[in-house]
Amino acid sequence: MRPGLLPAVLVAAALLLAGCGWFGDDDTDGTSVFDVEPGMCFRSLEQVKAQVGDLDQVSCTDAHTLEAYAVVPYDKEGSTFPGEDDLTAFADGHCAQEFREYVGVDYLDSDLFFTYLLPSPRSWEDDDRDVLCVITTAGEPLTASVEGSER
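Model, not experiment: these values are computed from the prediction. (Residues numbered from 1 in each chain as written. Predicted model: local features only at pLDDT ≥ 70, side-chain atom pairs only at ≥ 80, totals over all residues. Heavy atoms only, no water.)

**Observations regarding the packing of aromatic side chains**
Counted according to the given criterion, the structure contains nine aromatic pairs. Relative to Tyr 107, the ring of Phe 99 lies with its centre 5.2 Å away and its plane at 80°, an arrangement referred to as edge-to-face. The residues Phe 99 and Tyr 107 share a single accessibility class, namely buried. When the ring of Tyr 107 is compared with that of Phe 114, the centres are 4.8 Å apart and the planes differ by 65°; the resulting orientation is edge-to-face. Overall, Phe 114 belongs to the buried group, its relative accessible area being 13%. Positioned over the ring face of Trp 124 is Arg 129, at 3.8 Å from the centre of the ring. (Phe/Tyr/Trp six-rings, centres within 6.5 Å; stacked < 30°, edge-to-face > 60°. Buried < 20%, exposed > 50% of the residue type's maximum accessible area, 1.4 Å probe, protein only. Lys NZ or Arg CZ within 6 Å of the ring centre and 35° of its normal.)

Dropping the structure here:
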């Protein structure tokens with residue numbers, strides 16, 4: 001495990017458990033997870049929820065803890081929900097690959113971390129097949145986009 005990885009692992013676990021499903025109004029006025037695009041920045045989740053519908057988008061020049069860097073369609077055959085283990089393995093590999101292209105340095109050489117939001121069984125039924133890859137830090141907020149930063 002990389003030094004300093006524990007805080008990011010906790011953030012990753014919180015986001016991973018959140019999923020991308022949508023169970024109606026969650027009383028936020030943020031950006032829907034279905035509308036997130038690479039380069040968008042967000043404040044961290046105020047509380048861990050079983051499902052995340054919206055994220056609190058901010059300018060990347062404002063303090064933020066999350067930056068979307070890839071939306072990767074799950075491209076394996078089948079129409080049934082593949083399960084969390086398969087989706088997690090898919091996300092781990094694809095988000096690591098996309099990291100280098102976005103940041104400009106290999107994930108293992110970076111001081112940044114990644115996590116992701118996965119489709120939930122319910123959102124899968126509504127044709128949600130995308131994994132949302134998100135960059136985060138081990139504590140201090142970001143105050144600029146990390147795209148091409150080679151951090």
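What follows continues from the structure just given.
**With respect to the nonpolar core**
In globular proteins that are soluble, nonpolar side chains generally tend to be buried together. Counting residues in each nonpolar core, the largest one holds 24 residues, and the members touching the most others are Tyr 69, Phe 99, Val 103, Val 131 and Ile 135. Elements represented by at least two residues in this core include exactly strand S5 (66-73), helix H2 (84-103), strand S6 (113-117) and strand S7 (130-136). No other element matches H2, which puts seven residues into this core. With near-sequence residues (within four places) excluded, Ile 135 lies in contact with Thr 65, Leu 66, Glu 67, Tyr 69, Phe 99, Tyr 102, Val 103, Leu 112, Phe 113, Phe 114 and Val 146. Of all hydrophobic cores here, the second largest spans 10 residues; its members include Val 36, Met 40, Ala 68 and Val 134. (Core = buried A, V, L, I, M, F, W, Y, C linked by side-chain atoms within 4.5 Å. Helix = DSSP H or I, 4+ residues; strand = E, 2+ residues; numbered from the N terminus. Contact = heavy atoms within 4.5 Å.)

**Quick notes on the state of the cysteines**
What the rule picks out here adds up to two disulfides. Linked covalently through their sulfurs, Cys 95 and Cys 133 form a disulfide whose S-S length is 2.0 Å. When the S-S torsion is -80°, as for the bridge of Cys 95 with Cys 133, the disulfide is left-handed. Of this pair, Cys 95 sits in helix H2 while Cys 133 is found in strand S7, placing the two residues 38 residues apart along the sequence. With relative accessibility at 0%, the residue Cys 133 sits in the buried group. (Disulfide = S-S within 2.5 Å.)

**A closer look at the pattern of salt bridges**
Under the definition given, this model contains four salt bridges. With a closest N to O distance of 3.1 Å, Asp 56 and Arg 43 form a salt bridge. Of the two residues, Asp 56 sits in the loop between strand S3 (54-55) and strand S4 (57-58) while Arg 43 sits in the loop between strand S2 (41-42) and S3, which places them 13 residues apart along the sequence. By relative accessible area, Asp 56 is classed as partly exposed at 34%. Arg 43 sits in the partly exposed class, given a relative accessible area of 41%. Asp 111 is the partner of Arg 151 in a salt bridge, and the nearest nitrogen-oxygen pair spans 3.2 Å. Highlighted residues: Arg 151 in the segment after S7 and Asp 111 in the loop between H2 and S6, separated in sequence by 40 residues. With a relative accessible area of 30%, Arg 151 lands in the partly exposed category. Judged by relative accessible area, Asp 111 falls into the partly exposed class, the value being 43%. (Salt bridge = Lys/Arg side-chain N within 4 Å of Asp/Glu carboxyl O.)

Remember, this is a structural readout, not a statement about activity or role.
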